[in-house]
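As a plain string of letters, each chain reads:
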Amino acid sequence: MVTLGVDLASQPKRTATCLIRFDRGSARVESLSLGATDAELHELFGRADKIGIDAPFGWPAPFTRAVAAYSAGTVWPSTDVPRLRFRRTDEVAREKLRRWPLSVSTDLIAVTAMRAVRLLAEAAATGESIDRSGGGRFVEVYPAVALHVWGFPSRGYKRARGAAVRTRLVSDLAEQTKDWLTLSEEDWARCTASDDMLDALVAALVARAAAIGRCEPIPPEDRELAREEGWIALPQAGSLNQLA
């Protein structure tokens, strides 16, 4: 199995990708890069069995209905603002992480989400079956919550100010996966230097977890909403060393 992790940004410059091949109890990173264009992403999509993208696959259902109603007739529903800001999957992720993910309706992550859904729509136009709840090849991931579940720091590792935390995180990740995950020294150094590349690596690992049933199942009462809003794949506790 080949999994692809994409740390998506609104522009190619900050978009990182990681391709991992799993085979007979081991895994090897085949490529790790930064600066992926839409065309390069589609080429990578064609090489992967499961694709984890760090970006929302949809918007809160109450938000989309409110905007549609307002556009059609200057009507605004009496819905609590938090329900307009956050999806059901964001609420579930918050229960794990003890903090809210960025709001796809009110934060700048919306711009990244627009790129994500455009990529999904383009894949669908070629005949790809898109299931926003993660049932197809594409699955929504959130590296911070995966790191938290696996026992690593999930905050304070971003950008230059997070270099010290990121260095320890990468060292601990390398130690915990040394028996089955192979990266070159150069690729480990790239993850230490760039939180985007680190997140792409984690996204590829979560894609594997989703593919082999090592993520928390979507509650039956949330499945229909997940197919509309998207759903963050949450790895099970202790699943990291079950991925090979």
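We now turn to the structure provided with this report.

Thresholds, definitions, all that
- Residues numbered from 1 in each chain as written.
- Predicted model: local features only at pLDDT ≥ 70, side-chain atom pairs only at ≥ 80, totals over all residues.
- Heavy atoms only, no water.
- Helix = DSSP H or I, 4+ residues; strand = E, 2+ residues; numbered from the N terminus.
- Expected span 1.5 Å × (residues − 1).
- Buried < 20%, exposed > 50% of the residue type's maximum accessible area, 1.4 Å probe, protein only.
- Polar contact = N/O pair within 3.5 Å; in protein donor to acceptor, adjacent residues only side chain to side chain.
- 1 Å grid on protein atoms, 1.4 Å probe; cavity = no way out; pocket = protein on both sides within 12 Å on 5 of 7 lines; lining within 4 Å.
- Points joined across faces, edges and corners; volume = space filled by probe spheres on them.
- Nonpolar A, V, L, I, M, F, W, Y, C, P; charged D, E, K, R; others polar.
- Patch = residues over 30% accessible without salt bridge, like charges linked within 9 Å, V, L, I, M, F, W, Y side chains within 5 Å.
- Areas by Shrake-Rupley, 256 points an atom, 1.4 Å probe, with all protein chains shown as cover.
- Salt bridge = Lys/Arg side-chain N within 4 Å of Asp/Glu carboxyl O.
- Contact = heavy atoms within 4.5 Å.

Next up on the list: helix α9 (residues 195-211). The end-to-end C-alpha distance of α9, which contains 17 residues, comes to 24 Å, matching closely the 24 Å that a straight helix rising 1.5 Å per residue would cover. Most of α9 is tucked away, with 15 of its 17 residues classed as buried. For α9, the N-terminal capping position is held by Ser194, with its side-chain oxygen 3.2 Å away from the main-chain nitrogen of Asp196. Positioned one or two residues after α9, Gly213 has a phi angle of 75 degrees, which is positive.

If you roll a probe as big as a water molecule over the atoms, it shows you where there is empty space left. Counted as a void, the largest pocket has a volume near 880 Å³. Every residue lining the largest pocket is counted, 36 residues in all, and those nearest its centre are Asp54, Leu102, Ile109, Lys158 and Arg159. Broken down by secondary-structure element, the contributors of at least two residues to the lining of the largest pocket are α5 (109-125), α6 (143-149) and α9. Looking at side-chain class alone, the lining of the largest pocket contains 17 nonpolar, 4 polar and 15 charged residues. Taken as a whole, the second largest pocket encloses approximately 190 Å³ of empty space. Around the second largest pocket, the lining is made up of 13 residues, and of these Ser133, Ala210, Cys215, Glu216 and Ile218 lie nearest the centre. Each residue belonging to the lining of the second largest pocket can be placed in one class, and the counts come to 7 nonpolar, 3 polar and 3 charged.

Let us look at a nonpolar patch on the surface. A grouping of Val67, Tyr70 and Trp76 is seen on the molecular surface, where their side chains present a nonpolar patch of about 310 Å² in accessible area. Note on placement: Tyr70 falls in helix α2 (residues 61-73).

Mapped onto the fold, Gly162 is located in the loop between α6 and α7 (163-176). Discounting residues that sit within four places of it in the chain, Gly162 has contacts with Gly156 and Tyr157.

A few words now on unusual backbone geometry. Glycine aside, the phi torsion of most residues is negative, and most peptide linkages are trans. Although it is not a glycine, Arg24 sits at a positive phi angle of roughly 55 degrees. By relative accessible area, which is 83% here, Arg24 ends up exposed. For Arg159, which is not a glycine, the phi torsion comes out positive at approximately 60 degrees. The residue Arg159 is located in the loop between α6 and α7 in this model.

Shape is all these values report; function is a separate question.
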